[in-house]
Amino acid sequence: MKTLVTYSSVTGNTEKLAFAIYDEIKGDKSILKISEVKSLNDYDLVFIGFPIYNFQPIPEAITFMTRNTKRKNIALFTTMSLIAVPKYDQRLELYNTTIENCKKFCGDAHLLGIFDCPGELNEETANALMMSDNPTLNVFGALRPLTIGFPNEKNIADARLFAKEIGERKNFVFNLG
């Protein structure tokens, strides 16, 4: 089985997870930034990582998934500052919306799992959120200090466990083409 770990990382958070996942994978494997991937044809399993922005994958990841994952075995890993903050009234609703947004860009891929990880909300994004006319976004932007330091060592260990569990699954769907 040949596995690819591919990712897009704005601040380095998702890249940390990508390398943790890559290190855990056994067998024939590659790691590439999304922008470096030419084709998924040679891979049996693809881990795709990206940060969440505005409650969905960043545009580069959306384009990649919608163009390349048809009939592929994939597992997603994300960093999102939303889950680094304490629970508040709309957090669960926003989280569920975010996960559903990730799934919808997978199309007819065989989605084996999603690993979501707290990520640090960068200062520029937090400032933009706090300047928004939307009170929910204002609150979210103000919570930036609670996101600093993520992903932490536990999150990275959890990413490794996710990779191991996906790699051990026997329900891959091959030769869908």
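Look above for the structure.
If you're wondering where the values come from, they're calculated on a predicted model, not measured in any experiment.

Caption draft 1: Up close: the overall build of the protein chain. The helix and strand tally for the protein chain stands at six helices and six strands. Order of helices (α) and strands (β) in the protein chain, N terminus to C terminus: β-α-β-β-β-α-β-α-β-α-α-α. Since a compact globule built from 177 residues should have a radius of gyration of about 16 Å, the 16 Å found for the protein chain is in line with a globular shape. Its C-alpha atoms put the protein chain at 50 × 30 × 30 Å along the principal axes.

Caption draft 2: Local environment of helix H2 (residues 59–68). When H2 is considered as a whole, its buried residues turn out to be Ala61, Ile62, Phe64 and Met65. Viewed end-on, H2 has its buried residues packed into an arc of 165 degrees, placing them on one side of the element. Along H2, exposed side chains directed more than 90 degrees from the buried face belong to Pro59, Thr66 and Arg67. Packing partners of the buried residues in H2 comprise strand E1 (2–7), strand E3 (45–53), strand E4 (56–57), strand E5 (73–80) and helix H3 (91–104).

Caption draft 3: Looking closely at the packing of aromatic side chains. Inspection of every chain in the model, using the stated rule, returns four aromatic pairs. Pairing Tyr7 with Phe19 gives two aromatic rings, centres 6.2 Å apart and planes at 65 degrees, and the pair type is edge-to-face. Note that Tyr7 is positioned in strand E1 and Phe19 in helix H1 (residues 13–24), a separation of 12 residues in sequence. Among the residues examined, Tyr7 registers a relative accessible area of 5% and is labelled buried.

Caption draft 4: Main features of the nonpolar core. Ile48, Phe50, Met65 and Leu76 are the most contacted members of the largest nonpolar core, which totals 33 residues. For this core, the elements supplying multiple residues, two or more each, are E3, H2, E5, H3, helix H4 (123–130) and helix H5 (135–142). In this structure, Ala18, Ala75, Phe77 and Ala163 belong to the second largest nonpolar core, which totals 20 residues.

Scoring rules and cut-offs
- Sequence order as written defines residue numbering, which begins from 1 separately in each chain.
- Only residues with pLDDT of at least 70 get local features here, since the model is predicted, and only at 80 or more are side-chain atom pairs given and counted; chain-wide, interface and lining totals rely on the full set of residues.
- With hydrogens and water excluded, all non-hydrogen atoms of the structure serve as input to the side-chain values.
- In DSSP terms, a helix is any run of H or I states spanning at least four residues, a strand is any run of E spanning at least two, and both are numbered starting from the N terminus.
- The quantity called the radius of gyration is restricted to C-alpha atoms. Its globule counterpart is 2.2 Å times the number of residues to the power 0.38.
- Only protein chains enter the area calculation, which uses a 1.4 Å probe; residues under 20% of their type maximum are buried, those over 50% are exposed, and those in between are partly exposed.
- Working definition: the arc comes from the directions between the helix axis and the C-beta atoms, pointing outward to the latter.
- Here, residues are in contact when the closest pair of their heavy atoms is within 4.5 Å.
- What counts as a ring pair is set by centres within 6.5 Å for rings of Phe, Tyr and Trp (its six-membered ring), and what kind of pair is set by the plane angle: stacked under 30 degrees, edge-to-face over 60, tilted for all other angles.
- Here the nonpolar core consists of buried residues drawn from Ala, Val, Leu, Ile, Met, Phe, Trp, Tyr and Cys, with membership extended through side-chain atoms lying within 4.5 Å.

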